[in-house]
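So you can see what is in the structure, the chains are spelled out below.
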Amino acid sequence: MATTTAAQRREQARVEYDAFIRSCPTNQLLDRISDKWVSLVVSALSKGPMRYSDLGRKIAGVSPKMLTQTLRTLERDGILTRSVTPSVPVRVDYELTPLGSSLATLLTAVKDWAETNFDEVHAARERYDTDNQDAS
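Residues numbered from 1 in each chain as written. Predicted model: local features only at pLDDT ≥ 70, side-chain atom pairs only at ≥ 80, totals over all residues. Heavy atoms only, no water.

Caption draft 1: Structural context of the overall build of the protein chain. The secondary structure content of the protein chain amounts to 6 helices and 3 strands. Along the protein chain, helices and strands appear, N-terminal first, in the series α-α-α-β-α-α-β-β-α. For 136 residues, the compact-globule formula gives about 14 Å, and the C-alpha radius of gyration of the protein chain, at 20 Å, lies well above that figure. Taking the principal axes of its C-alpha atoms as reference, the protein chain extends roughly 65 × 45 × 25 Å. Taking all 136 residues of the protein chain together, 23% fall into the buried category. (Helix = DSSP H or I, 4+ residues; strand = E, 2+ residues; numbered from the N terminus. Rg over C-alpha atoms; globule rule 2.2 N^0.38 Å. Buried < 20%, exposed > 50% of the residue type's maximum accessible area, 1.4 Å probe, protein only.)

Caption draft 2: Local environment of the sheet that holds strand E3 (residues 91–96). Here we have 3 strands laid out as an open sheet, ordered E1-E3-E2, and antiparallel in their pairing. The open sheet has two edge strands with one neighbour each: strand E1 (50–51) and strand E2 (80–85). (Pairing = 2+ DSSP bridges.)

Caption draft 3: Just the environment of Gln28, in detail. In this structure, Gln28 sits in helix H2 (residues 25–33). Residue classification places Gln28 among the partly exposed residues on the basis of a relative accessible area of 49%.

Caption draft 4: Just the pairing of E3, in detail. As paired elements, E1 and E3 share 2 bridges and run antiparallel to each other. If you follow Met50 over to E3, its bridge partner there is Tyr94. A loop of 5 residues connects E2 with E3, the two strands running antiparallel in sequence.

Caption draft 5: Layout of the pairing of E2. With 6 bridges joining them, E2 and E3 adopt antiparallel strand pairing. Within the sheet, the bridge partner assigned to Arg82 lies in E3 and is Tyr94.

Caption draft 6: Structural view of the nonpolar core. Counting residues in each nonpolar core, the largest one holds 21 residues, and the members touching the most others are Val41, Val42, Leu45, Leu55 and Leu80. Elements with a contribution of two residues or more to this core: helix H3 (36–45), helix H5 (64–76), E3 and helix H6 (98–131). Per element, the largest residue contribution to this core is 6 residues, and it comes from H3. (Core = buried A, V, L, I, M, F, W, Y, C linked by side-chain atoms within 4.5 Å.)

Caption draft 7: Looking closely at the packing of H3 against H5. The geometry of H3 relative to H5 is characterised by a closest axis approach of 10 Å and an angle of 75 degrees between their N-to-C directions. Viewed along their axes, H3 and H5 adopt a mutual orientation that is roughly perpendicular. Across the interface between the two elements, Trp37, Val38, Val41 and Val42 from H3 touch Met66, Leu67, Thr70, Leu71 and Leu74 from H5. (Axes fitted to C-alpha atoms, helices over the stretch in contact; angles between N-to-C directions. Parallel < 35°, antiparallel > 145°, perpendicular 65-115°, else oblique. Contact = heavy atoms within 4.5 Å.)

Set out below in structure tokens:
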């Protein structure tokens, strides 16, 4: 059985997309879509288009800088579109693309899972912390 070098594995990952290889583009994409703000923005937009200010109010704790950065990144990745309507003040709306809608299905399911199972996870954390106090 022949062994492969790191360079050969990277080249193979480019051809086959293997997210377990750090240099694979899919690894970078997983890093992007696993971001908390990305999940919340995509999930919020799954209900339909929203204005920037509405997104800011919906997503508690997101700073204007982080919201803007997240929206720009998602637009660049083809996950959402940005529409500007000239008015006073200017109206900016964001909407998921078909690609973004397919991602929203997954991320909304993860968000719903977290909301449904948090009490159980919290209890497990408390049990773990209690059982491992002496190990510290």
